[in-house]
Amino acid sequence: MSGEPEPIQGIHIYCDRWCERCAYTSRCLQFRLEAEERGAGDALQNFDALNLQFWQEMGVALVQAMRLIREIAAREGIEAEDLQGETAFGELPGSLHRDAREHPCASAALVYAGMVNEWFAAADELTDTGESLLTHPPHVLEESIQVIRHYHYFIYPKIVRALEGRLGEKAVSDRGIEADCSGTAKVVLIAIDRSLAAWSLLYGEYPAQEDNTLSILLHLDRLRRSVEVVFPEARTFIRQGFDAPHP
Ligand code: SF4
């Protein structure tokens, strides 16, 4: 289409499918096709720059989240080695012979989904409005809760997909599958990073829930480091558009 920026080939392959928060809707062919199918306009493209800024701010929140986790760990007497990747969720590389869904990382992702449900159920019990925090968040925490909601059930299936690819790749030693595993694992890591940042913004806002928030932060941090151990190439994987320079 004339006047529209050139699409970035394959940008949607390793995205988080959160078009409303994506900074590249104007460059994504998949988004254009789906918008045309829905008869939707290109209004979201006007938010690309704002979304870019949003994620940059969440990046700052992630740095603060990591600092918070270290402070909490020191305060709670959690040993430094317990925060190292190798010890997180047991003997990860050796457990790759198992079914992907039984892998410690997949189990931990499932546990995380349950922890989120429990956290919000407990928070809702403490409110006197009768409205769920998930669907009626206070304005100041709306964006953080949106982030938690979006990735709540996103992390587990993506981890399973990356692990399934890794299991298959070990069997057939295929470079394409290996790259796909790393790309998928990178999306998982981004989802975990953003969730960590969002939870850190909730920490302190709900004193009655502080212990539960802390458990979630530590659990996610451990999961993040475990995924990095199992998929050592994930962090450096280049996703078209998001990580690679584009004209
Ligand atoms: S790259 Fe962005 S616009 Fe395209 S499908 Fe993914 S989230 Fe949506």
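Here's what I pulled together on the structure shown here.

Thresholds applied
Residues numbered from 1 in each chain as written. Predicted model: local features only at pLDDT ≥ 70, side-chain atom pairs only at ≥ 80, totals over all residues. Heavy atoms only, no water. Helix = DSSP H or I, 4+ residues; strand = E, 2+ residues; numbered from the N terminus. Contact = heavy atoms within 4.5 Å. Areas by Shrake-Rupley, 256 points an atom, 1.4 Å probe, with all protein chains shown as cover. Near = heavy atom within 4 Å. Nonpolar A, V, L, I, M, F, W, Y, C, P; charged D, E, K, R; others polar. Phe/Tyr/Trp six-rings, centres within 6.5 Å; stacked < 30°, edge-to-face > 60°. Buried < 20%, exposed > 50% of the residue type's maximum accessible area, 1.4 Å probe, protein only. Axes fitted to C-alpha atoms, helices over the stretch in contact; angles between N-to-C directions. Parallel < 35°, antiparallel > 145°, perpendicular 65-115°, else oblique. Left-handed = near helix turned anticlockwise from the far one by under 90°. Polar contact = N/O pair within 3.5 Å; in protein donor to acceptor, adjacent residues only side chain to side chain. Core = buried A, V, L, I, M, F, W, Y, C linked by side-chain atoms within 4.5 Å. Expected span 1.5 Å × (residues − 1).

## Thoughts on the overall build of the protein
Thinking step 1. When helices and strands are tallied, the protein shows seven helices and zero strands.
Thinking step 2. Order of helices (α) and strands (β) in the protein, N terminus to C terminus: α-α-α-α-α-α-α.
Thinking step 3. Considering only residue pairs separated by 6 or more positions, the protein has 76% of its internal contacts joining residues 24 or more positions apart.
Thinking step 4. Carbon and sulfur atoms make up 53% of the accessible area of the protein, which totals about 12800 Å².

## Observations concerning the site of the ligand
Thinking step 1. Within the structure, the ligand sits among His-12, Cys-15, Arg-17, Trp-18, Cys-19, Cys-22, Thr-25, Cys-28, Phe-31 and Phe-242.
Thinking step 2. Among the residues forming the shell around the ligand, the class breakdown is seven nonpolar, two polar and one charged.

## Looking at the packing of aromatic side chains
Thinking step 1. On inspection of all chains with the given rule, the structure shows ten aromatic pairs.
Thinking step 2. Ring centres of Trp-119 and Phe-120 lie 5.0 Å apart, and the angle between their planes is 70°; on these two criteria the pair is classed as edge-to-face. In terms of burial, Trp-119 and Phe-120 fall into one category: buried.
Thinking step 3. For the pair Trp-119 and Trp-199, a centre-to-centre distance of 5.1 Å together with 75° between the ring planes defines the contact as edge-to-face. With Trp-119 in helix H3 (residues 104-126) and Trp-199 in helix H6 (residues 175-202), this residue pair connects regions lying 80 residues apart in the sequence. Side by side, Trp-119 and Trp-199 carry an identical accessibility label, which is buried.
Thinking step 4. In textbook terms, an aromatic cluster arises when at least three aromatic residues are bridged by ring pairs, as seen for Trp-18, Phe-54, Trp-55, Tyr-151 and Phe-154.

## Structural notes on the packing of H3 against helix H7 (residues 210-230)
Thinking step 1. Across the interface, H3 lies against H7 with an axial gap of 10 Å and an inter-helix angle of 160°. In terms of their interaxial angle, H3 and H7 are classed as roughly antiparallel. Helix-helix and strand crossings are classified by hand; for H3 and H7 the assignment is left-handed. Seen from H3, the contacting residues are Cys-105, Ala-108, Ala-109, Val-111, Tyr-112, Met-115, Val-116 and Trp-119; seen from H7, they are Asn-212, Thr-213, Ser-215, Ile-216, His-219, Leu-220, Leu-223, Ser-226, Val-227 and Val-230.

## Quick word on the environment of Lys-186
Thinking step 1. Here Lys-186 is to be found in helix H6.
Thinking step 2. Residues Lys-186 and Arg-235, 49 residues apart in the sequence, show an inter-C-alpha distance of 5.8 Å.
Thinking step 3. Not counting residues up to four positions away in its chain, the partners in contact with Lys-186 are Ala-234, Arg-235, Phe-237, Arg-239 and Asp-243.
Thinking step 4. A polar atom in the side chain of Lys-186 sits 2.7 Å from the backbone oxygen of Phe-237.

## Quick word on the nonpolar core
Thinking step 1. Within the largest apolar cluster, 60 residues are counted, with the highest numbers of intra-cluster contacts made by Trp-119, Ile-155, Ile-159, Trp-199, Leu-223, Val-227 and Phe-231.
Thinking step 2. Secondary structure elements with two or more residues in this core: helix H2 (48-76), H3, helix H4 (142-152), helix H5 (155-172), H6 and H7.
Thinking step 3. The biggest single contributor to this core is H6, with twelve residues.
Thinking step 4. Contacts of Trp-119, omitting those with residues within four sequence positions, involve Leu-133, Trp-199, Leu-202, Tyr-206, Gln-209, Asn-212, Thr-213 and Ile-216.
Thinking step 5. Ile-8, Ala-23, Tyr-24 and Phe-31 belong to the second-largest nonpolar core, a separate cluster that totals eight residues.

## Notes on H2
A turn of α-helix holds 3.6 residues, and therefore any two residues three or four places apart point the same way.
Thinking step 1. Over its 29 residues, H2 extends 41 Å from the first C-alpha to the last, a length consistent with the 42 Å expected when each residue adds 1.5 Å.
Thinking step 2. Positive backbone phi, approximately 75°, marks Gly-77, located one or two places after H2.

Just distances and angles here, no functional claims.
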